[in-house]
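A structural walkthrough
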Amino acid sequence: MAEQKAFSVGNGQSAQSGLGVSSAGCPGALQDGLSFAPLDGNGDEVVQPFPRSPKLQRKVANARQPSQEQLSRRMEELQAERSKTEAHIESLKKRKSDLSRSTEVMKQRVRERFESMRCALKQDEQVVLDSLELDLRRTRTRLDQVLKNWTQHQDQGPPESVSPKKPDASEQEIRLNEERFERLLKTLSSISKNLRAQLQRKTLLLDSCPMVIDKQTCHGQMAVTSEGRGMFFSGAARAARSAPEHPLQFDKVCCALGRSPVPTAQSYWEVDVRCCAAWAVGVAYGSLERKGRDKGAKLGRNRNSWCVELRNGRLSAWHNDRHVACQSVGQTPLGKVGVWVNYNKGQLMFYDADTMVVLQRFSAAVTQVFDRAHHQFTEPLYPAVRFLKPPENQMWPNHLELCHLNAP
């Protein structure tokens, strides 16, 4: 009772005495170095509750103060990198200078070629002008002789004594050779047209690439030459093959695709169609159907193919089962069809390769006839050809060929 009274009476003295008793009961508890950090956070020193390990301390010290050896090695690495960069810059400058020199050499060679053509044209022009001048001189000489005869007849004597003289019929034949001149103009006009066509064609030939037919895609009635460019259609079923039908082969439509897809850049090739009365030439995705006679397997009758075709003597362009007539074709039958593709820009053009007249243009600006608001290729594109059946009263020419193009 006395201890309880002592603990409860007073303003904390008994509690202190109790703490003192406890301290006394645990000797050395406060004297062994236990201390408490202030909680007010006003001290300037950072509180470190756990001491860092010696290894971590050495690592931090080394990171803060690199050694002289490390600094020297780093400087050597930076100097080597700087030397490489300077050498690469000099190499680029040299390439730039070489490009300029090479371009000037190319330009000079081009000028020489055009100058050679101009000289040839100038010489031929002079030859033609000289021939016209010679014709004029001959005609004048003959007319001078006739005029001299008439003058002599007039000077024979008094008018009453001069016998009448009738003009000779040969006098009417004394004139310039106008028929020859007209033939000359027609020939020059033809040469001019061909020259323009060849000058335009030369630009396309820069993008020419060899195209061959994939024999595995050919219909059973089609044969391909050994080099893969010529195609024949027999019109009758060939003997059964020893090998089974290939999955990529067209089984009903007389069609074939190229072996390799069109490059992603610009490409140009030509197909000789002179020995075929009915044909289709174009491009198609590799996903074009190969089995059956449905529109999905026919060139131009689906969204996976584009073509121009000659059927019943009429030339038309097809895509997505819609077509337009090719209006720029003259009376002369087509000899070769040129195909130009810019895959990245979604552009496709068909040409009359002899005159370079555009037969049909497919692009983002194509008319709504083909039901395509925006034209862009989405799959690898392959050259494609197809044999069509001609009218019954016509023979069946059976040859198409991918032309081997050389630069002009």
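Relevant structure appears above.
Here is a short report on the structure shown in this document. This one's a predicted model, so the numbers in the text were calculated from it and none came from an experiment.

Rules and cut-offs
- Residues numbered from 1 in each chain as written.
- Predicted model: local features only at pLDDT ≥ 70, side-chain atom pairs only at ≥ 80, totals over all residues.
- Heavy atoms only, no water.
- Pairing = 2+ DSSP bridges.
- Helix = DSSP H or I, 4+ residues; strand = E, 2+ residues; numbered from the N terminus.
- Axes fitted to C-alpha atoms, helices over the stretch in contact; angles between N-to-C directions.
- Contact = heavy atoms within 4.5 Å.
- Salt bridge = Lys/Arg side-chain N within 4 Å of Asp/Glu carboxyl O.
- Buried < 20%, exposed > 50% of the residue type's maximum accessible area, 1.4 Å probe, protein only.
- Patch = residues over 30% accessible without salt bridge, like charges linked within 9 Å, V, L, I, M, F, W, Y side chains within 5 Å.
- Areas by Shrake-Rupley, 256 points an atom, 1.4 Å probe, with all protein chains shown as cover.
- Polar contact = N/O pair within 3.5 Å; in protein donor to acceptor, adjacent residues only side chain to side chain.

1. Structural notes on the sheet that holds strand 9 (residues 336-342)
In a beta sheet, neighbouring strands pair by backbone hydrogen bonds and run either parallel or antiparallel. One open sheet accounts for 7 strands, arranged 1-2-13-4-9-10-11; its pairing is antiparallel. Of all the strands in the sheet, the pair left with one neighbour each is strand 1 (222-224) and strand 11 (357-362). Going across the sheet, the axis of each strand differs from the next one's by a mean of 20 degrees, ignoring polarity. As paired elements, strand 10 (residues 347-352) and strand 11 share 5 bridges and run antiparallel to each other. Bridging across to strand 11, methionine 349 finds its partner in arginine 361. Contacting strand 4 (266-272), strand 9 and strand 10, helix 5 (residues 178-205) runs over the sheet at an angle of about 120 degrees to strand 4.

2. Things to note about the pattern of salt bridges
Two side chains carrying opposite charge are able to pair once their charged atoms lie near each other. Across all of its chains, the model carries 14 salt bridges by this definition. The closest approach of N and O atoms between arginine 74 and glutamate 77, which form a salt bridge, is 3.2 Å. With a gap of 3 residues between them, arginine 74 and glutamate 77 both fall in helix 4 (residues 68-154), about one helical turn apart. Across the salt bridge formed by arginine 301 and glutamate 309, the nearest N and O atoms sit 3.1 Å from each other. Taken individually, arginine 301 and glutamate 309 each receive the classification buried, so the pair is uniform in this respect. One connected set of salt bridges, linked through shared partners, spans Lys94, Asp98 and Arg101.

3. Remarks on unusual backbone geometry
A positive phi angle, close to 55 degrees, is found at asparagine 312, a residue other than glycine. Assignment of secondary structure puts asparagine 312 in the loop between strand 6 (305-311) and strand 7 (314-319). Positive phi is not limited to glycine here, since methionine 356 has a value of about 60 degrees. Position of methionine 356 relative to the elements: it lies in the loop between strand 10 and strand 11.

4. Comments concerning the sheet that holds strand 3 (residues 255-257)
The antiparallel open sheet is built from 6 strands, whose spatial order is 3-12-5-6-7-8. Strand pairing shows two members of the sheet lacking a second neighbour, strand 3 and strand 8 (322-325), which therefore form its edges. Across the sheet, the mean angle from the axis of one strand to that of its neighbour is 20 degrees, orientation sign disregarded. Taken together, the 7 bridges between strand 5 (residues 279-285) and strand 12 (residues 381-387) define a ladder with antiparallel strand orientation. Opposite tryptophan 279, over in strand 12, you have phenylalanine 387 as the bridge partner.

5. Thoughts on the environment of tyrosine 343
One can find tyrosine 343 in the loop between strand 9 and strand 10. Look at tyrosine 343 and you get buried, because its relative accessible area is 14%. Remark: the alpha-carbon pair of tyrosine 343 and proline 380, spanning 37 residues in sequence, is separated by 8.9 Å. With residues near it in sequence (within four places) discarded, tyrosine 343 still touches Pro263, Thr264, Ala265, Gln376, Phe377, Thr378, Glu379, Pro380 and Leu381.

6. Topic: a nonpolar patch on the surface
On the surface, a cluster of nonpolar side chains totalling about 480 Å² of accessible area is made up of Val110, Phe114, Met117, Leu121, Leu195 and Leu199. Going through the elements one at a time, helix 4 and helix 5 are the ones with two or more residues in the nonpolar patch. The greatest single-element share of the nonpolar patch, amounting to 4 residues, is contributed by helix 4. Classification of leucine 199 by relative accessible area gives partly exposed; the value is 32%.

7. A look at the side chain of threonine 225
Examined against the element boundaries, threonine 225 turns out to sit in the loop between strand 1 and strand 2 (230-233). The exposure class of threonine 225 is buried, given its relative accessible area of 18%. At a separation of 3.2 Å, a polar atom in the side chain of threonine 225 contacts the side chain of glutamate 227. Not counting the four nearest positions on each side in its chain, threonine 225 is found in contact with Lys215, Gly230 and Phe232.

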